[in-house]
Amino acid sequence: MDVWFEVSWLLLPAGLANMTPPLGTKIPFIRSWSTSIDGGRSWRGQPILGSSKTWRGLILGSLVGGLVGLGQFWLEPTVAWLPNISSPLGAFLFGLGCGLAALSGDLGKSFIKRRLGRARGQTWVPFDQLDFIVGAYLFLSLSLDLTWTHYLAGLVVYGLAHPLFSVLGYAIGAKRDLF
Ligand code: CTP
Ligand code: MG
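Residues numbered from 1 in each chain as written. Chains lettered and ligands numbered in written order. Predicted model: local features only at pLDDT ≥ 70, side-chain atom pairs only at ≥ 80, totals over all residues. Heavy atoms only, no water.

A few points about the site of ligand 1
Taken together, 20 residues lie near ligand 1, and Thr54, Ser110, Arg114, Arg120 and Gly121 sit nearest. Within the side chain of Ser52, an N or O atom sits 2.9 Å from an oxygen atom of ligand 1. Within the side chain of Lys113, an N or O atom sits 2.8 Å from an oxygen atom of ligand 1. When the free accessible area of ligand 1 is taken as 570 Å², the share hidden by the protein chains comes to 91%. Contributing elements (two or more residues each) for the shell around ligand 1: helix H2 (12-24), helix H3 (55-75) and helix H4 (88-115). (Near = heavy atom within 4 Å. Polar contact = N/O pair within 3.5 Å; in protein donor to acceptor, adjacent residues only side chain to side chain. Areas by Shrake-Rupley, 256 points an atom, 1.4 Å probe, with all protein chains shown as cover. Helix = DSSP H or I, 4+ residues; strand = E, 2+ residues; numbered from the N terminus.)

Some thoughts on the environment of Gly121
In this structure, Gly121 sits in the loop between H4 and helix H5 (127-143). Residue classification places Gly121 among the partly exposed positions, given a relative accessible area of 24%. (Buried < 20%, exposed > 50% of the residue type's maximum accessible area, 1.4 Å probe, protein only.)

Some remarks on unusual backbone geometry
Note that the residue after Val125, namely Pro126, is joined by a cis bond; omega there is 0°. You can see Pro126 is positioned in the loop between H4 and H5. If you check the backbone angles, Phe29 has positive phi at about 70° while not being a glycine. Here Phe29 lies in the loop between H2 and strand S1 (42-43). Residue Phe29 is classed as exposed on the basis of its relative accessible area, which comes to 76%. Phi is positive for Arg44, which is not a glycine, with a value near 50°. By relative accessible area, Arg44 is classed as exposed at 75%.

Overview of the confidence of the model for the protein
Per-residue confidence for the protein gives a mean pLDDT of 93; residues scoring 70 or more make up 97%. The secondary-structure element of the protein with the lowest mean pLDDT is helix H6 (residues 148-171), recorded at 92, while strand S2 (residues 46-47) shows the highest, at 98. (pLDDT = per-residue confidence, 0-100.)

Let's talk about the side chain of Thr54
With respect to the helices, strands and loops of the structure, Thr54 is situated in the loop between S2 and H3. Look at Thr54 and you get buried, because its relative accessible area is 7%. A polar side-chain atom of Thr54 sits 3.0 Å from the main-chain amide nitrogen of Gly57.

A word on helix H1 (residues 3-10)
Taken together, the buried positions of H1 are occupied by Glu6, Val7, Trp9 and Leu10. Down the axis of H1, the sector holding all buried residues measures 160°, keeping them to one side. The secondary structure elements touched by the buried residues of H1 are H2, H3, H5 and H6. (Arc of directions from axis to C-beta. Contact = heavy atoms within 4.5 Å.)

Structure representation (structure tokens):
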């Protein structure tokens, strides 16, 4: 199968999970739950992660990853290069893992950003764009033997898709910052 298609399909749960947190700020009832993961704590004068990293974003995003995995299994249960997924529950858990890993990559990036003294929302190219892909790849590499062409193709496809969707998110008011 074409490597471009493979990585696009493989990183879809991670990509859609990563788009979810800004949308969570628009969902009635849920949007008022804005408990930050770092609990508002600081380390050496800087927030550990920052107020924009919430449990709402992490949980909603991971669930979306799980649902995307389930949808993919329903559409194409026999994709040979996926790890041995043979049940809808397995597909859900695989997608959930991809989503959680993607958003953990985002948290890791924010942690480093704060240590470097960069404020919440301040643009940090290309790390803001690539953090979730790195997180997802760390998870995927546990169960898949991906080639370097896969890694590179995924970075290109989702690295380019990210700014496009950022503009869209900004336009509908789901994102406070353009990038
Ligand atoms: N978001 C969230 N929970 C997360 C991640 C993101 O609620 N775990 C929401 C926040 O409303 C955030 C928005 O998604 O403002 C955009 O996320 P992102 O661009 O990753 O956050 P930034 O505000 O740019 O923070 P940072 O500088 O740490 O990247
Ligand atoms: Mg940002």
